[in-house]
Amino acid sequence: MKKMPDFLIIGAPKAGTTALYFYLLQHPELFLPVVKEPFFFAFDSEEREKFHQKSIIPAVENAVVNLDSYQALFDEAPEGSIKGEASTIYLASDTAPQKIHSHLPGIKLMAILRNPVERAYSQYLHFRRDQFEPCETFREAIEQEST
């Protein structure tokens, strides 16, 4: 029988999901795949392509879009372990809730939230660091978003 997760971390980007993922990896009874954000419930291959074309998030191009590949992420989970994965995009996705429910109707969800202004500023700094954000100031970036 193919393995599926017992819980999903769906918290907002820049809200501490990566830290939680690494803390949970240290627990001997938990299993999380090496791929932190497989985005499986957010996209099929067509949706992924559309999102990737208008997104600056590089990880989207590597999204897992078929069930066999998703289940394979959990193949190495020890028998009896509690399995989970973390994909922040599930929180904002219009289609993820229905897909999650159809595959995993009793799944446990963990959501991490953060003050939206602090989260937006952290995201801005992240994108500036990675050279995805052309605006030199946060104020300018916010004003550009409003247009």
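Everything discussed here concerns the structure shown above.
Criteria and cut-off values
Residues numbered from 1 in each chain as written. Predicted model: local features only at pLDDT ≥ 70, side-chain atom pairs only at ≥ 80, totals over all residues. Heavy atoms only, no water. Helix = DSSP H or I, 4+ residues; strand = E, 2+ residues; numbered from the N terminus. Buried < 20%, exposed > 50% of the residue type's maximum accessible area, 1.4 Å probe, protein only. Contact = heavy atoms within 4.5 Å. Areas by Shrake-Rupley, 256 points an atom, 1.4 Å probe, with all protein chains shown as cover. Salt bridge = Lys/Arg side-chain N within 4 Å of Asp/Glu carboxyl O. Pairing = 2+ DSSP bridges. Phe/Tyr/Trp six-rings, centres within 6.5 Å; stacked < 30°, edge-to-face > 60°. Core = buried A, V, L, I, M, F, W, Y, C linked by side-chain atoms within 4.5 Å.

Another aspect to go through is the overall build of the chain. If you tally the helices and strands in the chain, you get six helices and four strands. Here the chain holds 147 residues, and 38% of them are scored as buried. If you take every contact in the chain between residues at least 6 apart in sequence, the share linking residues at least 24 apart comes to 71%. Accessible area of the chain: about 9,200 Å², with a carbon and sulfur share of 54%.

Going through the model one piece at a time under the given rule, you end up with three salt bridges. Between Lys83 and Asp6 there is a salt bridge whose closest N-O contact spans 3.4 Å. Residue Lys83 is located in strand β3 (residues 82-86), and its partner Asp6 is located in the segment before β1 (7-9); the two are separated by 77 residues in the primary sequence. On the basis of relative accessibility, which here comes to 12%, the residue Lys83 falls in the buried class. The class of Asp6 is partly exposed, set by a relative accessible area of 33%.

Our focus in this paragraph is the sheet that holds strand β2 (residues 30-31). Pairing is parallel in the open sheet, where four strands are placed in the order β2-β3-β1-β4. Here the strands that pair on one side only, and so sit at the sheet edges, are β2 and β4 (108-110). Pairing of β2 with β3, which is carried by two bridges, proceeds in the parallel orientation. In the sheet register, Phe31 faces β3, and the bridge partner there is Lys83.

Attention shifts here to the packing of aromatic side chains. Overall, the coordinates contain 11 aromatic pairs when judged by the stated rule. Considering the side-chain rings of Tyr70 and Phe74, the 5.4 Å spacing of their centres and the 75° angle between planes classify their relative orientation as edge-to-face. One exposure class covers both Tyr70 and Phe74, and it is buried.

Residue Phe39 is not a glycine yet carries a positive backbone phi of 60°. Positive phi values are uncommon outside glycine, yet Gln131 reaches one of about 65°.

Let's shift gears to the nonpolar core. Counting residues in each nonpolar core, the largest one holds 21 residues, and the members touching the most others are Leu8, Phe41, Tyr70, Tyr90 and Ile100. Among all residues touching Ile100, those that are not within four sequence positions of it are Leu8, Phe41, Tyr90, Pro105 and Ile107. Membership of the second largest hydrophobic core comes to 11 residues, among which are Ile9, Leu20, Tyr21 and Leu30.

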